[in-house]
Every structure is written in structure tokens, then in C-alpha cells.
Amino acid sequence: VAIFGFCDIRQFTDTTEVLQEGIMEFVNTIGKIVHMETHLHGGSANKNIGDAFLLVWKFPKDVTLEEVEHPESAAPEKRAAIAKVANNALAAFIVIMAGLRRSAKLNT
């Protein structure tokens, strides 16, 4: 059981045409921010597909899908574990978006 996140680079085709040889540095800069923040928030970058990143935050093995879908029926320690994973995934995306906006390399 896990939370999956998907991050897509907007207007990638147009950006590729403009940057041409610089596209790899552009994608790598974005990838570094996405991978680092995902890892720092307990997740893993599962797959990179050109202009997209698939990210995953796994719940502890003893947490079931039923407990994730209905945390009110889970034991308090499992509710806390579910909340931690969900909060980390959300926080990662917020920090990723902020990092992309702050990046001097991406905003020049």
C-alpha cells in the first residue's frame, strides 16, 4: 500500500526546442530537486520518463489498504503511521514546488 505522486514538466516539447542542447541540464536540475526532496520526506523516485517523474511513499507493511481508506477504524499507532506518510508526501510536493521556483538555474 502506497501513495503515488506524479510530477510532469509543463510545456516540455516547447522547452526542448528552445533549450536544445541545454535540455539535459534543465531536466537534471529539476530531477535533482524532485529526487532530493522526495527522499528527504521518506519517499522514493520510482521512475523517470523523459519529462515526468513517478514518486512513491510506502506505508509500513502492517498497514492495510482498508486502514488507509478508513483510518478512523485503525488502531491509534497505525493512524499515526498513515498520517505521517501522507503528510510527508504532501510536504514533499510543496517543498518541490518551492524549490523549483527558487532555483536560480531554472529561473534565469
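Use the structure listed above.
What this report covers is the structure whose coordinates are included nearby.

So, how was this worked out
- Residues numbered from 1 in each chain as written.
- Predicted model: local features only at pLDDT ≥ 70, side-chain atom pairs only at ≥ 80, totals over all residues.
- Heavy atoms only, no water.
- Buried < 20%, exposed > 50% of the residue type's maximum accessible area, 1.4 Å probe, protein only.
- Helix = DSSP H or I, 4+ residues; strand = E, 2+ residues; numbered from the N terminus.
- Pairing = 2+ DSSP bridges.
- Polar contact = N/O pair within 3.5 Å; in protein donor to acceptor, adjacent residues only side chain to side chain.
- Contact = heavy atoms within 4.5 Å.
- Phe/Tyr/Trp six-rings, centres within 6.5 Å; stacked < 30°, edge-to-face > 60°.
- Expected span 1.5 Å × (residues − 1).
- Axes fitted to C-alpha atoms, helices over the stretch in contact; angles between N-to-C directions.
- Salt bridge = Lys/Arg side-chain N within 4 Å of Asp/Glu carboxyl O.

### Here's the deal with the pairing of strand β3 (residues 52-58)
Working step 1: Summarising burial for β3: five of the seven residues are buried, a large majority.
Working step 2: As judged from the seven bridges shared by strand β1 (residues 2-8) and β3, these two strands associate in the antiparallel manner. The partner of I3 across the bridge, within β3, is W57.
Working step 3: Pairing of strand β2 (residues 44-49) with β3 involves five bridges; the strand directions are antiparallel. Note on β3: the bridge partner recorded for S44 is V56.
Working step 4: Once β2 ends, the chain turns through two residues before running back antiparallel as β3, passing G50 with a positive phi of about 60°.

### As for the side chain of E67
Working step 1: Looking at the element boundaries, E67 is found in helix α3 (residues 65-69).
Working step 2: By relative accessible area, E67 is classed as buried at 14%.
Working step 3: Only 3.1 Å separates the side chain of E67 from the side chain of K78, close enough to count as a polar contact.
Working step 4: Sequence-distant contacts of E67, that is, excluding residues within four places in its chain, are made with D62, A74, K78 and I82.

### Here's the deal with the packing of aromatic side chains
Working step 1: Here the structure, examined in full by the defined rule, presents one aromatic pair.
Working step 2: Ring centres 5.9 Å apart and planes at 50° place the aromatic pair W57 and F93 in the tilted group. Of the two residues, W57 sits in strand β3 while F93 sits in helix α4 (residues 76-102), which places them 36 residues apart along the sequence.
Working step 3: W57 sits in the buried class, given a relative accessible area of 1%.

### Here we look at helix α2 (residues 23-40)
Working step 1: The first and last C-alpha atoms of α2 sit 26 Å apart over 18 residues, in line with the 26 Å expected at 1.5 Å per residue.
Working step 2: For α2, every residue scored as buried is listed here: I23, V27, T29, I30, G31, I33, V34, E37 and T38.
Working step 3: Elements that come into contact with the buried residues of α2 comprise β1, α1 (12-19), β2, β3 and α4.
Working step 4: After α2 finishes, the residue G42 shows a positive phi value of roughly 80°.

### Comments concerning the sheet that holds β2
Working step 1: Spatial strand order, β1-β3-β2: three strands in an open sheet with antiparallel pairing. Of all strands in the sheet, those bounded by a partner on one side alone are β1 and β2. The sheet shows a mean angle of 20° between the axes of neighbouring strands, taken without regard to direction.
Working step 2: The strands touched by α2 are β1, β2 and β3; relative to β3, the strand with the most contacts, the crossing angle is about 5°.

### A few points about the pattern of salt bridges
Working step 1: One pass over the full model with this rule turns up two salt bridges.
Working step 2: K105 is the partner of E25 in a salt bridge, and the nearest nitrogen-oxygen pair spans 3.9 Å. Remark: K105 occurs in the segment after α4 and E25 occurs in helix α2; sequence separation between them is 80 residues.
Working step 3: Judged by its relative accessible area of 58%, K105 is exposed.
Working step 4: Put simply, E67 and K78 hold a salt bridge, and the shortest N to O gap is 3.1 Å. On the criterion of sequence distance, the pair formed by E67 in helix α3 and K78 in helix α4 is long-range, its members being 11 residues apart.

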